[in-house]
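A closer look at the structure
Chain residues, written in single-letter form:
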Amino acid sequence: MVSMAASSVREKQIAAIRRMLTLNVQIGSTRASNAAEPVWKILVYDRCGQDIISPLISIKELRELGITLHLLLHSNREPIPDVPVIYFVLPTDENVQRITQDFRDQLYDSYYLNFVSAISRQRLEDLAAASLHANCVSQVHKVFDQYQNFIALDDDVFVLRHQNSDFMSYYAINRGEVKDTEMDSIMDSIVDGLFSVFVTFGIVPVIRCPKGNAAEMVAVKLDKKLRENLRDARNSLFTTDPTHSGQFSFQRPLLVVLDRNIDLATPLHHTWTYQALAHDVLDLNLNRLRVVEDPDNCSSGGARLKAKKTKTYDMGPKDVFWASHKGSPFPTVAEAVQEKLESYRTEEEEIKRLKIAMVCGSG
């Protein structure tokens, strides 16, 4: 639980992602404003990068930022030698190996490598060696640690879990056979996500937690990581350096880290609000709702079975109805839907009346 001021966590992350998609040029800078058109480029991400970007930026907005194509890192990709590419991936061994393969295959004209969290020195050296062997050192233009290892779903809500949700869960932490190495890995992942949030904001929190549980482990590790970064004044991420997402502030928020065990009953409650019911009854994930239409088993003539259709809806803050009613009781939402339908029908009738009047007037 964290209290933030000024811009929301979602706005901060959108600004950081947009800056990355403009080749890490400050939006509003002289260089950016001089460009009459965006530089056309390709975006390559892994599943984690996809989860981070999809709730924040639409396909239309990607086009406006010059992204002509967006592809998964581990998909089969054809060479496009005259176009720059932006990578947005976790710094894992598997991802680094695939990037080095792209170097060898000379898939793109220039490479802008952006890692979701900080890449280790060893993996960075592996990338450097691979670019040297592939004779493409001059094509690797920039390498950035973006510190975006979290997903902002709303102005005041973010999550740390990606598609590999079983790895970071209540069960994973509390199962009886969990090993110390597995627990450390889970704690490190949580700390990395929280650290990314505060780097994005450019603020150092005051941390509070109860003693003797997983919350204390997270708090201690996060405190250590923050102190280590602040100790190195020249390379600290909490500065006014414009290349970083945040801007240092002495307005320190309060971060309260709690263990789920202190309130186990709440996740089992099924409240009768629009958002809660959508989560419980429908397939709502990362602000995207998928509804499978269940057609009749067969047509009236006993023809073959009809294929099921899946419709997808974006339920983020840009959806005015969702934003207004997601916390409302469902009966209130039903009434609001009826009012919207009646308003739509009234406007439709008015448009028809005006068309008829125009036709009669012209005759």
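Computed from a predicted model, the values in this text were never measured in an experiment.

Rules used throughout
Residues numbered from 1 in each chain as written. Predicted model: local features only at pLDDT ≥ 70, side-chain atom pairs only at ≥ 80, totals over all residues. Heavy atoms only, no water. Helix = DSSP H or I, 4+ residues; strand = E, 2+ residues; numbered from the N terminus. Buried < 20%, exposed > 50% of the residue type's maximum accessible area, 1.4 Å probe, protein only. Salt bridge = Lys/Arg side-chain N within 4 Å of Asp/Glu carboxyl O. Core = buried A, V, L, I, M, F, W, Y, C linked by side-chain atoms within 4.5 Å. Contact = heavy atoms within 4.5 Å. Axes fitted to C-alpha atoms, helices over the stretch in contact; angles between N-to-C directions. Parallel < 35°, antiparallel > 145°, perpendicular 65-115°, else oblique. Left-handed = near helix turned anticlockwise from the far one by under 90°. Nonpolar A, V, L, I, M, F, W, Y, C, P; charged D, E, K, R; others polar.

**Let's talk about the environment of His-279**
Residue position: His-279 is located in helix α10 (residues 274-281). You can call His-279 partly exposed: its relative accessible area is 44%. Between the C-alpha atoms of His-279 and Leu-289, which are 10 residues apart in sequence, the distance is 9.0 Å.

**A look at the pattern of salt bridges**
A complete count under the given rule lists 15 salt bridges for this structure. One salt bridge in this structure joins Lys-326 and Asp-154, with 2.0 Å as the shortest N-O distance. Taken together, the residues span a long stretch of sequence, with Lys-326 in the loop between α11 (320-325) and α12 (330-362) and Asp-154 in strand β6 (residues 151-154) at a distance of 172 residues. Side by side, Lys-326 and Asp-154 carry an identical accessibility label, which is buried.

**Details of the nonpolar core**
Counting residues in hydrophobic clusters, the biggest one holds 54 residues, and the most contacted among them are Ile-17, Leu-21, Phe-88 and Ile-190. Elements supplying a minimum of two residues to this core: α1 (9-21), β1 (41-45), α3 (47-53), β3 (80-89), β6, α7 (170-174), α8 (180-201) and α9 (214-231). Each residue touching Ile-190, except ones within four places of it in the same chain, is listed here: Leu-160, Met-168, Ile-173 and Val-218. Of all hydrophobic cores here, the second largest spans 20 residues; its members include Leu-73, Val-89, Phe-103 and Cys-136.

**Here's the deal with the packing of α8 against α9**
Between α8 and α9, the least distance of the axes is 9 Å, while the angle of their chain directions is 55°. Classified by the angle their axes make, α8 and α9 are oblique. Crossing of α8 against α9: the hand is right-handed. For the pair formed by α8 and α9, the contact residues are Met-183, Asp-184, Met-187, Asp-188, Ile-190, Val-191, Asp-192, Leu-194 and Phe-195 on the first element and Ala-214, Met-217, Val-218, Lys-221, Leu-222, Lys-225, Leu-226 and Asn-229 on the second. When grouped by side-chain class, the residues that make up the contact of α8 with α9 number 11 nonpolar, 1 polar and 5 charged.

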